[in-house]
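Each chain is listed here by its residues.
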Amino acid sequence: MYNFKKQLLGMGIAASLLATATTQAADIEWKMATPWGGGPWLERDAKTFADYANELTDGDVSIQVFPGGTLGGALRVTNTVKSGVAQISHNYINYDYGTDPTAALLAGHSSGLTPEEFMLWMYEGGGVECSGTVNLAT
């Protein structure tokens, strides 16, 4: 009988926790670090992303976009997120070349493709299909 009471009490606690969790939506407030200084289309895209996140979650997720240099170094956005000052970033992968060794796989260079051209090549020009055949050891 004692074991039955314990199980019943446990089920009651679990049910009340579940009911509480489903009726109280947790509001999430994130800071987005960017390297963009204000005005260019990249900052506009970061703000649009934040607006979409808010809209698609019915206001449960709120992202405040900060221009480059306000939360940390403008070219050290990934470090700003890693240190916990910001929870999310909108960044250019080439800025992480010395921070993240995998950045070399996708980072552009001065005579490379623009971000739009790169995405077009990846999804319309066969980049996704050939990415599995690239031998990075050579």
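Our structure's up above, just so we're on the same page.
The structure presented is a predicted model; accordingly, all values stated were derived computationally and were not measured. (Residues numbered from 1 in each chain as written. Predicted model: local features only at pLDDT ≥ 70, side-chain atom pairs only at ≥ 80, totals over all residues. Heavy atoms only, no water.)

A.B. asks: Can you break down the overall build of the chain residue by residue, with the values?
C.D. replies: What the chain contains, in helices and strands, is six helices and three strands. Put simply, the chain runs from its N terminus to its C terminus through helices and strands in the order α-β-α-β-α-β-α-α-α. Buried positions account for 17% of the 138 residues belonging to the chain. Of the contacts made within the chain by residues no fewer than 6 positions apart, 58% connect residues no fewer than 24 positions apart. (Helix = DSSP H or I, 4+ residues; strand = E, 2+ residues; numbered from the N terminus. Buried < 20%, exposed > 50% of the residue type's maximum accessible area, 1.4 Å probe, protein only. Contact = heavy atoms within 4.5 Å.)

A.B. asks: So, the packing of aromatic side chains: which residues are in play, and what are the values?
C.D. replies: How two aromatic rings sit relative to each other is given by the distance of their centres and the angle of their planes. Counted according to the given criterion, the structure contains two aromatic pairs. Both rings, one in tryptophan 36 and one in tyrosine 95, keep their centres 6.4 Å apart while their planes meet at 50°; by these two values the pair is tilted. Placement of tryptophan 36 in the loop between β1 (28–33) and α2 (41–56) and of tyrosine 95 in the loop between β3 (88–89) and α4 (103–106) is noted, with a sequence separation of 59 residues between them. Classification of tryptophan 36 by relative accessible area gives buried; the value is 8%. (Phe/Tyr/Trp six-rings, centres within 6.5 Å; stacked < 30°, edge-to-face > 60°.)

A.B. asks: Tell me about the side chain of threonine 78, and please be specific about residues and values.
C.D. replies: Inspection of the secondary structure puts threonine 78 in helix α3 (residues 77–82). Under the relative-accessibility criterion, threonine 78 is labelled buried at 17%. Discounting residues that sit within four places of it in the chain, threonine 78 has contacts with Asn91, Asp96 and Thr99.

A.B. asks: With reference to specific residues and values, describe unusual backbone geometry.
C.D. replies: Despite not being glycine, aspartate 58 has its phi angle at roughly 55°, a positive value. Assignment of secondary structure puts aspartate 58 in the loop between α2 and β2 (61–66). The exposure class assigned to aspartate 58 is exposed, which follows from its relative accessible area of 71%.

A.B. asks: If you had to explain α2 to someone new, which residues and values would you point to?
C.D. replies: With 16 residues, α2 should reach 22 Å at 1.5 Å per residue; the first-to-last C-alpha distance of 22 Å fits that figure. Structurally, α2 contributes buried residues whose contacts are with β1 and β2. Of the residues flanking the end of α2, it is aspartate 58, one or two places downstream, whose phi is positive at about 55°. (Expected span 1.5 Å × (residues − 1).)

A.B. asks: Quick rundown of the nonpolar core? Include the residues and the values.
C.D. replies: Grouped together as the largest cluster of nonpolar side chains are eight residues: Met32, Ala46, Ala50, Ala53, Val61, Ile63, Val65 and Ile88. Elements that contribute at least two residues to this core include exactly α2 and β2. When sequence neighbours within four positions are dropped, the list of residues in contact with alanine 50 reads Ile63 and Val65. (Core = buried A, V, L, I, M, F, W, Y, C linked by side-chain atoms within 4.5 Å.)

A.B. asks: Describe the sheet that holds β1, listing the residues and the values that go with them.
C.D. replies: Read from one edge to the other, the open sheet built from three strands follows the order β2-β1-β3, with strand pairing classed as parallel. A single partner strand is all that each edge strand has here, and the edge strands are β2 and β3. Where β1 meets β2, six bridges bridge the pair, whose relative direction is parallel. Counterpart to lysine 31 in the pairing with β2 is glutamine 64. (Pairing = 2+ DSSP bridges.)

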